[in-house]
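Residues per chain are reported as follows:
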Amino acid sequence: MSISDLTLDLATYDGEVKVLDDISLDVGRSETVGIVGETGCGKSVLAKSILNLLPHGIARYRRGAIRWKGENLLATTRRRLRQVRGTEIGMVFQDPMTFFDPLYTAGSHMMEAIGHREQVKGGSMSRAQRKAEAVDLLSRLGLSDPERVFDSYPHQLSGGMRQRVLIGAAIVGKPEFLIADEPTTALDVTVQAQILHLLQDIVKDRDTSIVLISHDLGVIASMCERIVVMYAGTIVETGTKRQLLSRPAHPYTVGLTSAVPRLGYPQKQVKGIGGHIPNLLNPPPGCRFAPRCPKATSLCRSEKPALEALSDGRRAACHYPEPVA
Ligand SMILES: Nc1ncnc2c1ncn2[C@@H]1O[C@H](COP(=O)(O)OP(=O)(O)OP(=O)(O)O)[C@@H](O)[C@H]1O
Ligand code: SF4
Ligand SMILES: [Mg+2]
């Protein structure tokens, strides 16, 4: 997957929200890449833009391309996109209720996903075999009574159960590329670890690539070797987990990593980042982080920093990055 220069606005009654600005990101086969950033920074919009799932009336793709195995998904036909969705690229939505139809059981949603896979990839499983596959997956997802869950309607399931069915429906199509948008946020810590392990198993068994999205740096760091940090619709830093956690270069990453509580450090040393994400109707003209950055200068306020490689190979978008070596 290769996303290049993706720039996207959303039309609202108040004006155009400049949600994504020059996003470039490559994900290789069987790689797990984590995207982290605070609420409202554009993670879900980026995820949905990949499969063209943003509401058609309001999404304005200004620039860029999303190439999946060389094919630009922004320029392809609706028919081809329908084929790709679920079977080549799967998506775990952040909000389960945007996915579920309340009139259909959890099992119906999974059977539909398997049916779509069979149709696109050419299979001939019987209904009983499909059901067995769905129930087996629900059990692997930690649901203790998978048959009952299979026959339940979404409103009869708890938030955590719905979340697991959602993950099941996304992976049962055996996609080569999985976008998981906050897949474990609704779950308690034990189930969260179970789900993350399951996702790791899938990567190993099926060579699946995963883009894992979370506002929680701890979750991202436990799963991903490569991390992308987003801020206000831009990528501010990207590199290996080791690079970003041990020596963050961008002032926003510095704040983000210092906000993660660590064993052995008293809680008062956890600093975090003051202020709020800017209003993206009128983002700051230079660096979008300047209003909150302790190092900001007049150059930062007037000129947008490019995402450039530093001496250790990671990239950061900052006029004054921290030394990395
Ligand atoms: N349908 C929409 N119409 C108008 N603005 C939207 C829409 N969806 C998202 N936005 C705006 O786009 C920006 C990015 O939102 P997005 O949902 O991608 O953030 P996020 O990083 O996923 O946050 P969270 O961590 O809370 O999930 C926000 O400013 C949001 O208000
Ligand atoms: S470019 Fe300037 S304002 Fe932006 S993060 Fe770097 S130092 Fe801070
Ligand atoms: Mg989101």
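Every chain begins its residue count from 1, and numbering advances along the sequence as written. For this description, chains carry letters from A and ligands carry numbers from 1, given in the order in which they are written. Given that this is a predicted model, residues contribute local features only at a pLDDT of at least 70 and side-chain atom pairs are listed and counted only at 80 or more, while totals for whole chains, interfaces and linings are drawn from all residues. Water and hydrogen atoms play no part in the side-chain values, which are based on all heavy atoms of the structure.

**Quick word on the site of ligand 1**
No. 1: Here a residue is considered near a molecule or strand provided that any single heavy atom belonging to it is located within 4 Å of it. Looking at ligand 1, there are 14 residues lining it, with T39, G40, K43, S44 and Q94 nearest.
No. 2: Throughout this description, a polar contact denotes any pair of N or O atoms lying within 3.5 Å of each other; where both atoms belong to protein, one of them has to be capable of donating a hydrogen while the other can accept it, and for residues adjacent in sequence the pair is counted only when both atoms sit in side chains. Within the side chain of K43, one N or O atom sits 2.8 Å away from an oxygen atom of ligand 1.
No. 3: Separating an oxygen atom of ligand 1 from a backbone N or O atom of V45 is a distance of 2.9 Å.
No. 4: Reported accessibility uses the Shrake-Rupley method at a 1.4 Å probe radius. Residues are deemed covered only where the shown protein chains occlude them. Relative to its unbound accessible surface of 640 Å², ligand 1 loses 66% to contact with the protein.
No. 5: Elements represented by at least two residues in the shell around ligand 1 include exactly β1 (2-12) and α1 (43-50). In this text, helices come from DSSP runs of H or I with a minimum length of four residues, and strands from runs of E with a minimum of two, each type numbered from the N-terminal end.

**Some remarks on the coordination of the magnesium ion (ligand 3)**
No. 1: Metal donors: N, O and S atoms at distances within 2.8 Å, or within 3.2 Å for Na, K and Ca, with water omitted from the atom set so that some sites may seem incomplete. Taken together, S44 (OG) and Q94 (OE1) make up the protein donors of the magnesium ion (ligand 3), found 2.0 to 2.1 Å from the metal. Here S44 is found in helix α1, whereas its partner Q94 is found in the loop between β6 (89-92) and α3 (96-99), with 50 residues between them in sequence.

**Observations concerning the domain arrangement of the protein**
No. 1: Domain ranges listed in this record stem from an automatic or a database domain assignment. Segmenting the protein into domains produces domain 1 (2-76 + 176-316) and domain 2 (102-173).
No. 2: Between domain 1 and domain 2, the residue contacts involve twelve residues of the former and nine residues of the latter.
No. 3: As used here, buried area is the combined drop in accessible area, with a 1.4 Å probe, of two parts when they are placed together. When domain 1 packs against domain 2, close to 970 Å² is buried across both sides, 66% of that on carbon and sulfur atoms.
No. 4: For the domain 1 face of the interface with domain 2, the top three residues by lost area are I195, L198 and R206, together amounting to 38%.
No. 5: Counted as salt bridges are all cases of a side-chain nitrogen of Lys or Arg within 4 Å of a carboxyl oxygen of Asp or Glu. Our count for the contact surface shared by domain 1 and domain 2 stands at zero salt bridges.
No. 6: On inspection of domain 1 and its partner domain 2, the count reaches two residue pairs in polar contact (both at pLDDT 80 or more).
No. 7: For the side of domain 1 that touches domain 2, the leading source of residues is helix α8 (residues 189-206), giving six residues.
No. 8: Just so you know the grouping, Ala, Val, Leu, Ile, Met, Phe, Trp, Tyr, Cys and Pro go in nonpolar, Asp, Glu, Lys and Arg go in charged, and all remaining residues, Gly too, go in polar. Broken down by class, the residue content of the side of domain 1 that touches domain 2 amounts to eight nonpolar, two polar and two charged. We call two residues in contact whenever any of their non-hydrogen atoms come within 4.5 Å of each other.

**Description of the packing of helix α2 (residues 78-87) against helix α4 (residues 106-121)**
Geometry of a packed helix pair, given as the angle between the helix axes and the separation of the axes.
No. 1: Contact geometry of α2 with α4 gives a least axis separation of 9 Å together with a crossing angle of 125°. In terms of axis orientation, α2 runs oblique to α4. For the pair α2 and α4, the crossing hand works out as left-handed. Along the contact surface, α2 presents R82, Q83, R85 and T87, while α4 presents H116, R117, V120 and K121.
No. 2: For the contact of α2 with α4, the class distribution of residues is one nonpolar, three polar and four charged. In this description, a line fitted to the C-alpha atoms serves as the axis of each element, helices being fitted only across the stretch in contact, and the angle between N-to-C directions of two axes falls anywhere from 0 to 180 degrees. Note that the term roughly parallel is reserved for angles under 35 degrees, roughly antiparallel for angles over 145, roughly perpendicular for angles of 65 to 115, and oblique for everything else. Should the near helix be turned anticlockwise from the far one by less than a right angle, the crossing is left-handed, and should it be turned clockwise, the crossing is right-handed.

**Some remarks on the site of ligand 2**
No. 1: What surrounds ligand 2 is a group of 13 residues, the closest being C287, C293, C300, C318 and H319.
No. 2: More than half of the atoms of ligand 2 fall within 2 Å of the grid points belonging to the largest cavity. Buried and open spaces are told apart on a 1 Å grid over the protein atoms alone, a cavity being a set of points where a 1.4 Å probe fits but cannot get out and a pocket being an open set with protein on both sides within 12 Å along at least five of seven lines. Residues with an atom within 4 Å of a point are the lining residues. A cavity or pocket is said to hold a molecule if more than half of that molecule's atoms lie within 2 Å of its grid points.

**Remarks on the packing of α4 against helix α7 (residues 159-171)**
No. 1: One can describe the packing of α4 onto α7 by two numbers: an axis separation of 8 Å at closest approach and a directional angle of 15°. Regarding the angle of α4 to α7, the classification is roughly parallel. Our pair here, α4 against α7, has a crossing hand that is right-handed. Of the residues in α7, those in contact with A106, M110 and A113 of α4 are V165, G168 and A169.
No. 2: Tallied by class, the residues present in the contact of α4 with α7 amount to five nonpolar, one polar and no charged.

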